[in-house]
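# Structural overview for review
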2 protein chains.
Amino acid sequence: MSKRRILVPFKKRTHDHAECIDSALVSAQSSCERQGLRLTKMRRRVLELVWRGHTPVKAYDILEELRKEDRAAAPPTVYRALDFLLNAGLVHRIESLSAFVGCGGPATPHFGQFLICRECSAVAEIDAPAIARALVADAEALGFHADRQTIEIKGLCADCSRLDP
Amino acid sequence: MSKRRILVPFKKRTHDHAECIDSALVSAQSSCERQGLRLTKMRRRVLELVWRGHTPVKAYDILEELRKEDRAAAPPTVYRALDFLLNAGLVHRIESLSAFVGCGGPATPHFGQFLICRECSAVAEIDAPAIARALVADAEALGFHADRQTIEIKGLCADCSRLDP
DNA sequence: GGCTGTAATGTTATAGTATAACGTTTCAAA
DNA sequence: TTTGAAACGTTATACTATAACATTACAGCC
Ligand SMILES: [Zn+2]
Ligand SMILES: [Zn+2]
Ligand SMILES: [Zn+2]
Ligand SMILES: [Zn+2]
């Protein structure tokens, strides 16, 4: 219980988010090149919109943005791009919110473990391999072969719990 | 990392499921009495339908069943009953499937940790408090106050992995 | 460069999940 | 028996996601 990595931290409200977007797009580019995947203009644009902030983004919010640029944009466009980004490991789906967040460590495959603030909606991504392994082991003990896991924690981030009570 | 309990095991294909339903309804009854909650006819009926088997049940599947009994049944009826059952701790929502399963241990509050077979859809519910605590601790280390967690593991159950490969 | 096949995107329609809003009934407590 | 809140009925609509088929873009070949 120890080598927990923080893939996406809770950010200060004042941080330079343009830099977050930039670095995500650069990682995505090289990640795709390495895997022989095509990060097309549309996919890149959708990824950029997912990284609009550090809160989960809904498919139809992305669609709304796209429609400002192309009046005729339709749901399949968004969902196809999101499918690609999910498979490429560039975004994660937050199941409990039907929404998407950018992945903070696309270089190495993982399922994502998320802390979600119910007040400000900020999301942090951590990687706690010990926990993932413990779950796999518990499953294995029942003869179950785990190949995917969803871990989503809800609560209050440090900022919000300071203010809220 | 050890005192894992099995709240709902993977069942033999031949087990007496009427008994599962019965025992769930009896637990539910006493659980509601203890908490001063009203397990009405409708809520009881919906709970019974959630326990139709050991696979997750969709809200609209429940609705379809209800409509066999009352032609006019509508979505809010189902969702209201499900909300009650969720709050009463009698069912869990599987976020990654938008579906519901009966809770195997409604007497004590917990969030549920699920093993979901992608082949036969069977679901087992376990309670591994050590893992829940480890997640809370990891969150706490970041100043995050966790109050709820979603843990869903996908893979192949023992039966299906024996046959599949 | 021009061909060619596959991958990506466009387009229209529809399926599936969930809640808002307001009216009516039920039922336990006063 | 009144009465007020909780439960349920009813209608409409919002939100999430995919099916199916047409068109365009683009890498690999000649
Ligand atoms: Zn940022
Ligand atoms: Zn990630
Ligand atoms: Zn059973
Ligand atoms: Zn199975």
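In this text the structure is predicted, and so the values were computed from the model without any measurement.

### Brief notes about the packing of aromatic side chains
- Enumeration over the complete set of coordinates arrives at four aromatic pairs over all chains.
- Between Phe 10 of chain A and Phe 144 of chain B the ring centres are 5.6 Å apart and the planes differ by 5°, which places this aromatic pair in the stacked class. Placement of Phe 10 of chain A in the loop between strand E1 (5–8) and helix H1 (17–35) and of Phe 144 of chain B in the loop between helix H5 (129–140) and strand E6 (145–156) is noted, with the two residues assigned to different chains.
- Owing to a relative accessible area of 23%, Phe 10 of chain A belongs among the partly exposed residues under this scheme.
- The exposure class of Phe 144 of chain B is buried, given its relative accessible area of 0%.
- For the cation-ring pair, Arg 43 of chain A lies above Phe 84 of chain A, with the distance from its terminal atom to the ring centre recorded as 3.9 Å.

### Remarks on the coordination of the zinc ion (ligand 4)
Residues and elements named next belong to chain B.
- Looking at the metal site, the zinc ion (ligand 4) is ligated by Cys 117 (SG), Cys 120 (SG), Cys 157 (SG) and Cys 160 (SG), spaced 2.2 to 2.3 Å from it.
- Coordination at the zinc ion (ligand 4) comes from four donor atoms whose angles at the metal span 105 to 115°, giving a geometry best classed as tetrahedral.
- The sequence motif formed by the donor residues of the zinc ion (ligand 4) is C-x2-C-x36-C-x2-C.
- For Cys 117, a relative accessible area of 2% puts it in the buried group.

### Digging into the protein's contact with DNA strand D
- As a structural note, the neighbourhood of DNA strand D is formed by 18 residues, with Lys 58, Tyr 60 and Arg 93 of chain A together with Thr 40 and Arg 80 of chain B the closest of them.
- Counted by atom, the contact set of DNA strand D within 4 Å of the protein is 46% sugar and phosphate.
- Separating a sugar or linking oxygen of DNA strand D from a side-chain N or O atom of Arg 43 of chain B is a distance of 3.2 Å.
- Between Arg 80 of chain B and DNA strand D, the recorded distance is 2.4 Å, taken from a side-chain N or O atom to a base nitrogen.
- Those elements that provide at least two residues to the surface near DNA strand D are helix H4 (75–87) of chain A together with helix H2 (41–50) and helix H4 (75–87) of chain B.
- Counting residues per element, the surface near DNA strand D draws most heavily on H4 of chain A, at four residues.
- Along the lines of polarity and charge, the residues of the surface near DNA strand D split into eight nonpolar, three polar and seven charged.

About the cut-offs
- Residues numbered from 1 in each chain as written.
- Chains lettered and ligands numbered in written order.
- Predicted model: local features only at pLDDT ≥ 70, side-chain atom pairs only at ≥ 80, totals over all residues.
- Heavy atoms only, no water.
- Phe/Tyr/Trp six-rings, centres within 6.5 Å; stacked < 30°, edge-to-face > 60°.
- Helix = DSSP H or I, 4+ residues; strand = E, 2+ residues; numbered from the N terminus.
- Buried < 20%, exposed > 50% of the residue type's maximum accessible area, 1.4 Å probe, protein only.
- Lys NZ or Arg CZ within 6 Å of the ring centre and 35° of its normal.
- Donors = N, O, S within 2.8 Å, 3.2 Å for Na, K, Ca; no water.
- Tetrahedral: all angles 85-135°; square planar, octahedral: opposite > 155°, others 65-115°.
- Near = heavy atom within 4 Å.
- Polar contact = N/O pair within 3.5 Å; in protein donor to acceptor, adjacent residues only side chain to side chain.
- Nonpolar A, V, L, I, M, F, W, Y, C, P; charged D, E, K, R; others polar.

Without other data, these values stay purely geometric and don't point to any function.
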